[in-house]
Amino acid sequence: AQRVTQPEKLLSVFKGAPVELKCNYSYSGSPELFWYVQYSRQRLQLLLRHISRESIKGFTADLNKGETSFHLKKPFAQEEDSAMYYCALKHNYGQNFVFGPGTRLSVLP
Amino acid sequence: DAGITQSPRYKITETGRQVTLMCHQTWSHSYMFWYRQDLGHGLRLIYYSAAADITDKGEVPDGYVVSRSKTENFPLTLESATRSQTSVYFCASSASGRGNIQYFGAGTRLSVL
């Protein structure tokens, strides 16, 4: 069965410190992986996707098929990065996503 | 994005009442989804629709009913609300095809007393 896990419910770091939000998945096939972010009182929005291999707001994520991971990283956290982050897996058929439980990132001044 | 809107934004109801949450999108996306967001569970799929008149169950469909008579609308009905259905509900839409992402509405916060 498809599953996405995010082991940390809450992650607190100081401004300027590196941050890594962990995501592991189980899927038999070639999934598409995404990170969505939800800032306070806002809707979920796409942060980045693995097929684009892009850096958005300083965040990057590399798909590691051997470890079935898609960890989100940023070298220097900013206070405005404080938000809820969801890792998501998209089936390679249809358009359904499976979301992880989310990690709340708190960047302290 | 104004392309997908949910109404109402907040709703308080009583146990046993019927409640309908509305979702409207202007992109002509073929796919639409309903999720509920609960602490510790993240987003769980309730129902989805691949096109008008085509709907299917997600992970947690019990107690919910959907319909999709028009491409742009995807209402979610709680036929007899229960306290366990207190949650934040998100609607999303997506075009078909690899690489397409889901776009989310602003959410409806529902409290069942």
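The structure we're discussing is the one just above.
What comes next concerns the included structure. These numbers were taken from a predicted model, which means no experiment stands behind them.

### Looking at unusual backbone geometry
In this model, Ser7(B) is joined to Pro8(B) through a cis peptide bond whose omega is -5°. Looking at where Pro8(B) falls in the secondary structure, it is placed in the loop between β1 (4-7) and β2 (10-13). The phi dihedral of Arg41(A) falls on the positive side, at around 65°, and the residue is not glycine. Look at Arg41(A) and you get exposed, because its relative accessible area is 80%.

### Details of the interface of chain A and chain B
In this assembly, 19 residues from chain A lie in contact with 25 residues from chain B. Interface area, chain A with chain B, both sides summed: about 1900 Å², of which 50% is carbon and sulfur. On the chain A side of the contact with chain B, Arg43(A), Gln95(A) and Asn96(A) bury the most area, a combined 35% of that side's loss. Where chain A touches chain B, the interface holds zero salt bridges. Applying the counting rule to chain A against chain B returns six residue pairs in polar contact (both at pLDDT 80 or more). Of all the secondary-structure elements, those providing two or more residues to the side of chain A that touches chain B are β5 (32-38), β6 (45-49), β9 (83-90) and β10 (97-99) of chain A. The dominant element in the side of chain A that touches chain B, judged by the number of residues it contributes, is β5(A), at four residues. Residues that form the side of chain A that touches chain B fall into these classes: nine nonpolar, six polar and four charged.

Definitions and limits used
Residues numbered from 1 in each chain as written. Chains lettered and ligands numbered in written order. Predicted model: local features only at pLDDT ≥ 70, side-chain atom pairs only at ≥ 80, totals over all residues. Heavy atoms only, no water. Helix = DSSP H or I, 4+ residues; strand = E, 2+ residues; numbered from the N terminus. Buried < 20%, exposed > 50% of the residue type's maximum accessible area, 1.4 Å probe, protein only. Contact = heavy atoms within 4.5 Å. Buried area = accessible area lost by both parts, 1.4 Å probe. Salt bridge = Lys/Arg side-chain N within 4 Å of Asp/Glu carboxyl O. Polar contact = N/O pair within 3.5 Å; in protein donor to acceptor, adjacent residues only side chain to side chain. Nonpolar A, V, L, I, M, F, W, Y, C, P; charged D, E, K, R; others polar.

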